Amino acid sequence: MKQIRMTKNSSFSLISTKKIIQMNDVSTSYDSKNFALKEINLSIDRGTNYSIVGQSGSGKSTLLKLMNAMMIPSDGIIKIDYIKPDMNDKKFKIMMHKIGYIPQNLGLIKNISVLENILIGALPRLNKIQSFLKKFPEHEIKEAKKIINQVGLTGKEDRKAHMLSGGEKRRVAIARALMQKPTILLADEIVSELDHVTAREIMDLITDAQKRMNLTAIMVHHDMKLALEYANRVAVIKEGKKILEIGVEGDNIVDFQTGDMTNDEIMEMYSDDPKK
Amino acid sequence: MTPKNNIIIGIIIGLLVIASYNVDVSPIDFVEGLPNLMIVFEEMIAVEPKYIPTALWAMFETIQMAFIGTVIGIVIALPLSLLAARNLNSKFVYAPIRAFLAAIRTFPSILWALLFVIMVGSGTFAGVLAIIMYTVGFIAKLQYEAIETIDSDPMDAVGSIGVSKVQLISYVVIPESASHLLSQMLYMFDYNIRQTSILGLVGAGGIGFYIINYIKFFEYGKAAIFMLVVLITVLAIDWASVRIRDKYIIKSQHGMEITTK
């Protein structure tokens, strides 16, 4: 493990020209399914790996759902690639085709095969007749098989999704998202229930794809250590508020937001891993 | 036993006595009537084997009626169930459809059969129509309930890709609820065969038509053959559907095979 020093501030000078996600003072109201967020400000650079960490009930999943218009803020402004997320807006709907979303329980369809699950990612590219007949063009099937190979599921194309192991199911969910040829990949606690080794395999897989396809990966975790290991930046959410945004640069953890936490608390979070 | 329980039991017994008096429930009549049943049984034992082919044919006709009614009923019920599911539609769509389905279900199939006998005349067609109506009411209800209980995660994951509603239905909702549908279809077919067997009582075709007529003319021996064929068929279909359910449906739901000992 690297020795990590804590420094305050500020590569604010390193302003990226391309922000893919911007949120200004975004709040949501509480409903039965989602926790409320309060005045969230964040901006995410294109092509980076961004993590959102928090305990259950902190509102971190809600934050993810704001990024693909599954939830609408009650207050504040969100821009995804400079467009306001809105399911009824044609422009945003086209953008949704390229936002891969993996919910916490993965959302695989259990009675159909691995290949069929993955092909769903190509649905927006089908015309009406192909879609009605469930007839995917040859090049899409070829693409799906290429992705199956990349995620390490070769030979399991015809298995029903419910017959796979936890790690394999996650690979299918990732492959379905990659099939969308995404620019953004949202994943909600995709490795929380996995053992160490499998969790790292899955994280490596996503990181490889993120770099290879230059996509922006935004992942929700509750393991700070894992988040810092893979992400360029980590936002910490507590009780609906963003209390911290940090990143590792070289050997330093850099604080990008002077939050309510002291350095000691941050270091404690980093070393303290309640699950293990 | 608490005093409160005693009062409740007392009330139930009181109601039982009053209701029995009102509807002429009489144990004495029952005992006095037993010899009559013996006469019927004696005559029934004197079966006439030459009617067996007719009985088998009537049963085959009944199964065909049930089959047509089940298939067409399901074909009509499926789109209705999609429209009646609360997680797919607005209140303005699902509420009237649900009310319509509830109205259909209030009539038992034999009342539908009576209605269709008046409409299209007596015969098997009236029976088929009755079975269709009954199947529509029930399968649509069972299926919209199944659709409402499917996991919201696949819907969220696929819905967030920005696919159309038609795509969401055909690629997520139908596959996710398909295993329920298979077992419901089987159950409905099984149930419809029993129902079709009695629709003949009101002139809507099927094996019940023979049974009621022979009984009317006191030909219990002939009626017995037809009743025996119904009994054997229903038992056989019951057995077969349990086997099919175990072999295909449970396997598709849980990814394992059930071995029967």
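Conventions adopted
- Residues numbered from 1 in each chain as written.
- Chains lettered and ligands numbered in written order.
- Predicted model: local features only at pLDDT ≥ 70, side-chain atom pairs only at ≥ 80, totals over all residues.
- Helix = DSSP H or I, 4+ residues; strand = E, 2+ residues; numbered from the N terminus.
- Rg over C-alpha atoms; globule rule 2.2 N^0.38 Å.
- Buried ≥ 20, exposed ≤ 12 C-beta atoms within 10 Å, placed from the backbone.
- Contact = placed C-beta atoms within 7 Å.
- Nonpolar A, V, L, I, M, F, W, Y, C, P; charged D, E, K, R; others polar.
- Pairing = 2+ DSSP bridges.
- Axes fitted to C-alpha atoms, helices over the stretch in contact; angles between N-to-C directions.
- pLDDT = per-residue confidence, 0-100.

**Student:** Explain the overall build of chain B here, please?
**Tutor:** Helix and strand counts for chain B come out as 10 helices and zero strands. The secondary structure elements of chain B, listed N-terminal to C-terminal, are α-α-α-α-α-α-α-α-α-α. A compact globule built from 261 residues should have a C-alpha radius of gyration of about 18 Å, whereas chain B, at 24 Å, is more than 25% larger. In terms of principal-axis extent, the alpha carbons of chain B reach across some 75 × 60 × 50 Å. The buried share among the 261 residues of chain B stands at 33%. Once local pairs closer than 6 in sequence are excluded, the contacts in chain B between residues at least 24 apart make up 71%.

**Student:** Even after reading the chapter, I still don't get the interface of chain A and chain B, so can you show me in this structure?
**Tutor:** By a frequent convention, interface size equals the accessible area lost on bringing the separate parts together. Listed as interface residues are 25 residues of chain A and, on the opposing side, 18 residues of chain B. Of all the secondary structure elements, the ones that give two or more residues to the side of chain A that touches chain B are helix H2 (90-96) and strand S6 (99-102) of chain A. In terms of residue count, S6 of chain A provides more of the side of chain A that touches chain B than any other element does, three residues in total. Here the side of chain A that touches chain B is built from residues that sort into 14 nonpolar, nine polar and two charged.

**Student:** Would you take a moment to explain the sheet that holds strand S5 (residues 75-80) of chain A for this structure?
**Tutor:** Note: strands within a sheet are paired through backbone hydrogen bonds, in either parallel or antiparallel orientation. Residue and element names in this part refer to chain A. In spatial order, the strands read S3-S2-S5; together these three strands make up an open sheet with antiparallel pairing. Edge positions in the sheet fall to strand S3 (40-45) and S5, since each of these pairs with one other strand and no more. Each strand of the sheet is rotated relative to its neighbour by a mean of 5 degrees, with strand direction disregarded. Across five bridges, the pairing between strand S2 (residues 19-27) and S3 is antiparallel. Among the inter-strand pairings, lysine 19 is bridged to a residue of S3, identified as aspartate 45.

**Student:** Would you explain the confidence of the model for chain A in this entry?
**Tutor:** For any part of a model where pLDDT is low, the fine detail of the predicted coordinates should not be relied upon. Per-chain confidence: chain A averages 84 in pLDDT, with 85% of residues scoring 70 or above. Note on residues 8-16 of chain A: pLDDT under 50 across the span, and five contacts to partners over four residues away in sequence or across chains.

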